[in-house]
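Notes for the structure review
So the chains spell out like this:
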Amino acid sequence: MKAKRSLGQNFLRDADAAHRIVDALDLTERDAVLEIGPGTGALTEHLIDAAGRVFAVEFDGDLIEGLKKRFFAANNFHVVHADVLELDIARIGRGKYKLIGNLPYNIATPILRRLAARREDIAAMVLMFQREVVDRIIAAPATKPRGYLSVLAQNAFEAERLFDVPPKAFSPAPKVWSSVVRLVPKPRTVDEAAFLRLVSIAFAHKRKTLLNNLKTGVLNAAETLAAAKIDGSRRAETLTLAEWHSLFAAIKEAGKPN
């Protein structure tokens, strides 16, 4: 099956890399696994051996029949023809899932936003992205990759980079390296829709100060920053997650983002 550039497809071909990715999910026969974008089944074959139930969610209808034929004998395998950005994970079955996938590079942020919103249904995730995307997911405050995606991911998950995967492990070979990251859900502590609106406003113009960005969406921005004990001349990428939460709490007291 030929990869479709329009869907950002690069099929994993390296068996050793597939083993390492699946092993990182630490599966037992009691686990149910949700695989996003199984493609031609490089990870799927190992998941079937290791987990009690495997639900493979594939958007590309041209791949569905190939997956069904390849794994027809596996009674713990189920293929779901769906867009993961619209899928209600809780409808697939009962209990929490472990989640795995070699994800298209062009939809990393919307996928993580979706998974963060439904993380009560997820026990743990092992995902592969373009290496630069993982750099952003795990970026510490005051580093160049730090941005909206960093705060989104770190607010919802404990994130750990595991290892890198070279372009030659895929067909067709992408022009960039990939990285595998483990994400373990955190408890929900804030109104995340409102919290992420704040983060989006603060990062709207990365070269501008926090105060200048927040003036466009936060009432009494200067006073609110002072109440949170945050210098308005700083930039958004310098804030720690604790400072983001302090700023959000101050906004709840003084008035919410528009």
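Summary of the structure given here. Keep in mind it's a predicted model, so treat the numbers as computed, not measured.

Across its full length, the protein chain carries ten helices and nine strands. Taken over the C-alpha trace, the protein chain has a radius of gyration of 20 Å; the compact-globule value for 258 residues is 18 Å, and the two agree within 12%. By principal-axis analysis of the C-alpha atoms, the protein chain measures approximately 65 × 40 × 30 Å. Evaluated residue by residue, the protein chain yields a buried proportion of 50% over its 258 residues. Within the protein chain, residue pairs in contact and separated by at least 24 positions form 66% of the contacts whose partners lie at least 6 positions apart. Carbon and sulfur atoms make up 50% of the accessible area of the protein chain, which totals about 12600 Å². For the protein chain, the separation between the mean place of its 38 positive charges and that of its 30 negative charges on side chains is 5 Å.

Across the five residues of strand β2 (residues 32–36), five count as buried, placing the element largely inside the fold. The two faces of β2 match: A32, L34 and I36 on one face and V33 and E35 on the other face are all buried. Pairing of β2 with strand β3 (residues 53–58) involves five bridges; the strand directions are parallel. The residue bridging I36 from the neighbouring strand is V57, located in β3. On the question of chirality, the crossover connecting β2 to the parallel β3 by way of helix α2 (residues 44–50) is right-handed. Across four bridges, β2 lies against strand β5 (residues 97–102) in parallel orientation. Bridging from a neighbouring strand, V33 pairs with K98 of β5.

Moving on to the sheet that holds β5. Spatially, seven strands are ordered β4-β3-β2-β5-β6-β9-β7 in an open sheet, and the strand pairing comes out mixed. Both edges of this open sheet fall to β4 (77–81) and β7 (157–165), since each of them pairs with a single strand only. For this sheet the average axis-to-axis angle between neighbouring strands, irrespective of direction, equals 20°. Two elements, β5 and strand β6 (residues 122–130), share six bridges in a ladder whose sense is parallel. Bridge assignment links L99 to a residue of β6, and that residue is M125.

On to unusual backbone geometry, then. The backbone of A142 shows a phi angle near 70°, a positive value even though the residue is not glycine. Tracing the backbone shows A142 in the loop between α5 (131–138) and α6 (148–156). Overall, the relative accessible area of 57% leaves A142 in the exposed class. A positive phi angle, close to 60°, is found at K229, a residue other than glycine.

Below, the discussion takes up the packing of α6 against helix α7 (residues 192–202). It is at 9 Å that the axes of α6 and α7 come closest, and there the two elements cross at 155°. What the angle tells us is that α6 and α7 run roughly antiparallel. Read as a crossing pair, α6 and α7 show a hand that is right-handed. Across from Y148, V151, L152 and N155 in α6, the residues of α7 making contact are E192, F195, L196, V199 and S200. Residue classes in the contact of α6 with α7 are distributed as six nonpolar, two polar and one charged.

Buried within α5 we find V133, V134 and I137. All buried residues of α5 project into a common sector of 95° when viewed along the axis, lining one side. Where α5 is buried, its residues meet α4 (108–117), β6, α6, β7 and β9 (178–185).

Going through the model one piece at a time under the given rule, you end up with eleven salt bridges. With its nearest N and O atoms 2.4 Å apart, the salt bridge here joins R119 to E192. With R119 in the loop between α4 and β6 and E192 in helix α7, the pair connects residues that are 73 residues apart, well separated along the chain. If you follow the salt bridges from partner to partner, you end up with R119, E120, R188 and E192 in one network.

What counts, and where the lines are drawn
- Residues numbered from 1 in each chain as written.
- Predicted model: local features only at pLDDT ≥ 70, side-chain atom pairs only at ≥ 80, totals over all residues.
- Heavy atoms only, no water.
- Helix = DSSP H or I, 4+ residues; strand = E, 2+ residues; numbered from the N terminus.
- Rg over C-alpha atoms; globule rule 2.2 N^0.38 Å.
- Buried < 20%, exposed > 50% of the residue type's maximum accessible area, 1.4 Å probe, protein only.
- Contact = heavy atoms within 4.5 Å.
- Areas by Shrake-Rupley, 256 points an atom, 1.4 Å probe, with all protein chains shown as cover.
- Lys, Arg positive; Asp, Glu negative; His and termini not counted.
- Charge placed at Lys NZ, Arg CZ, Asp CG, Glu CD.
- Pairing = 2+ DSSP bridges.
- Right-handed = clockwise from strand over helix to strand, strands pointing away.
- Axes fitted to C-alpha atoms, helices over the stretch in contact; angles between N-to-C directions.
- Parallel < 35°, antiparallel > 145°, perpendicular 65-115°, else oblique.
- Left-handed = near helix turned anticlockwise from the far one by under 90°.
- Nonpolar A, V, L, I, M, F, W, Y, C, P; charged D, E, K, R; others polar.
- Arc of directions from axis to C-beta.
- Salt bridge = Lys/Arg side-chain N within 4 Å of Asp/Glu carboxyl O.

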